[in-house]
Amino acid sequence: MPKNSFDHIIDWPYHPQMIIAITFAGCFVAAIHGGGTAWAALIVSAIVAPFGALLLFLPYLVTVVVLAALLSLFQAILQAPRP
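Residues numbered from 1 in each chain as written. Predicted model: local features only at pLDDT ≥ 70, side-chain atom pairs only at ≥ 80, totals over all residues. Heavy atoms only, no water.

Trainee: What exactly am I supposed to notice about the overall build of the protein here?
Mentor: In terms of helices and strands, the protein carries three helices and zero strands. The linear arrangement of helices and strands in the protein, starting from the amino end, is α-α-α. Sorting the 83 residues of the protein into buried and exposed places 2% on the buried side. Of the accessible surface of the protein, which amounts to about 7,300 Å², a share of 79% is contributed by carbon and sulfur atoms. (Helix = DSSP H or I, 4+ residues; strand = E, 2+ residues; numbered from the N terminus. Buried < 20%, exposed > 50% of the residue type's maximum accessible area, 1.4 Å probe, protein only. Areas by Shrake-Rupley, 256 points an atom, 1.4 Å probe, with all protein chains shown as cover.)

Trainee: What's the story with the packing of aromatic side chains in this structure? I'm lost.
Mentor: Each pair of aromatic rings is reported with the distance of its centres and the angle of its planes. All chains considered together, the criterion is met by one aromatic pair. Ring centres of Phe57 and Tyr60 lie 5.6 Å apart, and the angle between their planes is 45 degrees; on these two criteria the pair is classed as tilted. Taken together, the residues Phe57 and Tyr60, both in helix H3 (residues 37-79) and three residues apart, mark about one turn of the helix. Judged by its relative accessible area of 40%, Phe57 falls in the partly exposed class. (Phe/Tyr/Trp six-rings, centres within 6.5 Å; stacked < 30°, edge-to-face > 60°.)

Trainee: How should H3 be read in this particular structure?
Mentor: Structural remark: α-helix, 3.6 residues per turn; residues separated by three or four positions point the same way. Here H3 is 43 residues long and its end C-alpha atoms lie 62 Å apart, about the 63 Å a rise of 1.5 Å per residue gives. In the structure, H3 departs most strongly from a straight axis at Val48, where the bend amounts to approximately 40 degrees and where the proline Pro50 lies between one and four residues downstream. (Expected span 1.5 Å × (residues − 1). Bend = angle between axes of the 7 residues up to and from the residue.)

Trainee: It is not clear to me how a nonpolar patch on the surface should be interpreted in this structure. Could you clarify?
Mentor: Residues Leu54, Leu55, Phe57, Leu58, Tyr60, Leu61, Val64 and Val65 make up a contiguous nonpolar surface patch of about 750 Å² in total accessible area. Turning to its location among the elements, Val64 is positioned in helix H3. (Patch = residues over 30% accessible without salt bridge, like charges linked within 9 Å, V, L, I, M, F, W, Y side chains within 5 Å. Salt bridge = Lys/Arg side-chain N within 4 Å of Asp/Glu carboxyl O.)

Scope: geometric values only; no functional claims are made or implied.
As structure tokens, this is what we get:
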């Protein structure tokens, strides 16, 4: 059965990212009009958040690389020609 446009929208994998981006943009606009400490907090979070995300992502990335290297090494040892 072909998917209708509603199913395509619901199955779209970028919903969480769009919700976060729209929420951040809405808070940013509200802080621009309101002023005060929320404005400073949004500026700081916009600068610091990518670095924090990178620090949280690095252990995952290192684990995946190490596992891939170990598993491929094991496979290479098994497939190596024997004298």
